[in-house]
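# Coordinates in review
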Amino acid sequence: MSSRPAPFDELDRKIITALMANARTSFAEIGAAIGLSSTAVKRRVDRLRETGVITGFTATVKPSALGWRTEAYVEVYCEGAAPPRRLAEVVRNHPEITAAMTVTGAADALLHVRARDVDHFEEVLERIRTEPFIRKTISVMVLSHLLPESPEAGANQAAPDGAADVR
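Residues numbered from 1 in each chain as written. Predicted model: local features only at pLDDT ≥ 70, side-chain atom pairs only at ≥ 80, totals over all residues. Heavy atoms only, no water.

### Looking at the overall build of the chain
Regarding its fold elements, the chain presents five helices and four strands. Counted over contacts in the chain with a minimum sequence separation of 6, partners at least 24 positions apart contribute 71%. Surface summary for the chain: the accessible area is close to 10,600 Å², and the carbon and sulfur share equals 53%. (Helix = DSSP H or I, 4+ residues; strand = E, 2+ residues; numbered from the N terminus. Contact = heavy atoms within 4.5 Å. Areas by Shrake-Rupley, 256 points an atom, 1.4 Å probe, with all protein chains shown as cover.)

Here it is in structure tokens:
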């Protein structure tokens, strides 16, 4: 990957918009929509991948199809200053955590957790709380998605091996 800024124009934006809407759209379909040949679209996509603008292509899967029927956001409060690197190590050990980020405000981090059911979520929460530097957590259960087409409403990766069997 190159760290130099890539030239980025309106055609690139249109290509990215088309791929974000459906990553399986052919270069010919994109080209016809924006006035380029499929070869020109491919060259641009290759350049956007090489420069790190496009980082990959994924399938969006309904979480309940994978057995994830319970979803929550968990605020994590740490004892002292826990470096983001240490938090990242911890969250990687919990396959039910689908997203994690450090945040501003009172909490140190925010975790997006998916689980089979409430009992499974509680077990995941207990595992998270065993980390010695975690002082407390505050959880908010998701009832419904107001924007069901948003990336947060779907899973962008399959459940890790054994994640549905964790107890």
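### Comments concerning the sheet that holds strand S4 (residues 134-141)
Hydrogen bonding along the main chain pairs the strands of a sheet, whether they run parallel or antiparallel. The strand order across the open sheet formed by four strands is S2-S3-S1-S4, and the pairing between neighbours is antiparallel. Each having just a single partner strand, strand S2 (97-102) and S4 make up the two edges of the open sheet. Strand-to-strand, the axes of this sheet are offset by a mean angle of 20 degrees, without reference to chain direction. As paired strands, strand S1 (residues 70-78) and strand S3 (residues 109-115) are joined by seven bridges and run antiparallel to one another. Looking at S3, one finds that Val76 is bridged to Ala109. Its contacts with the sheet put helix H4 (residues 84-92) on S1, S2 and S3, and the angle it makes with S2 is roughly 170 degrees. (Pairing = 2+ DSSP bridges. Axes fitted to C-alpha atoms, helices over the stretch in contact; angles between N-to-C directions.)

### Observations regarding the packing of aromatic side chains
Counted by the stated rule, this structure contains zero aromatic pairs. Here Lys136 stacks its cationic end above the ring of Tyr77, 4.7 Å away from the centre of that ring. (Phe/Tyr/Trp six-rings, centres within 6.5 Å; stacked < 30°, edge-to-face > 60°. Lys NZ or Arg CZ within 6 Å of the ring centre and 35° of its normal.)

### Details of the environment of Thr25
Positionally, Thr25 belongs in the loop between helix H1 (10-21) and helix H2 (27-34). Taking relative accessible area as the criterion, Thr25 reaches 18% and is therefore assigned buried. Residues Thr25 and Ile15 lie 10 residues apart in sequence; the distance between their C-alpha atoms is 9.9 Å. If we ignore the near neighbours within four places in the chain, the residues touching Thr25 are Ala18, Leu19 and Ile30. At 2.8 Å, the side chain of Thr25 forms a polar contact with the backbone oxygen of Asn22. (Buried < 20%, exposed > 50% of the residue type's maximum accessible area, 1.4 Å probe, protein only. Polar contact = N/O pair within 3.5 Å; in protein donor to acceptor, adjacent residues only side chain to side chain.)

### Structural notes on the environment of Thr39
Relative to the assigned elements, Thr39 resides in helix H3 (residues 38-50). It is 7.5 Å that separates the C-alpha atoms of Thr39 and Phe27, two residues lying 12 residues apart in sequence.

### With respect to the pattern of salt bridges
Within this structure, the stated rule accounts for nine salt bridges. Arg47 is paired through a salt bridge with Asp12; the nearest N and O atoms lie 2.9 Å apart. Here Arg47 is found in helix H3, whereas its partner Asp12 is found in helix H1, with 35 residues between them in sequence. Judged by its relative accessible area of 1%, Asp12 is buried. Where Arg127 meets Glu96, a salt bridge forms, and the shortest distance between an N and an O atom there is 2.9 Å. A residue pair is termed long-range when its members are at least 10 positions apart, and Arg127 in helix H5 (residues 118-129) and Glu96 in the loop between H4 and S2 qualify at 31 residues. On the accessibility criterion, Arg127 (22% relative accessible area) is partly exposed. Each of Asp9, Asp12, Arg44 and Arg47 takes part in a single network of salt bridges with overlapping partners. (Salt bridge = Lys/Arg side-chain N within 4 Å of Asp/Glu carboxyl O.)

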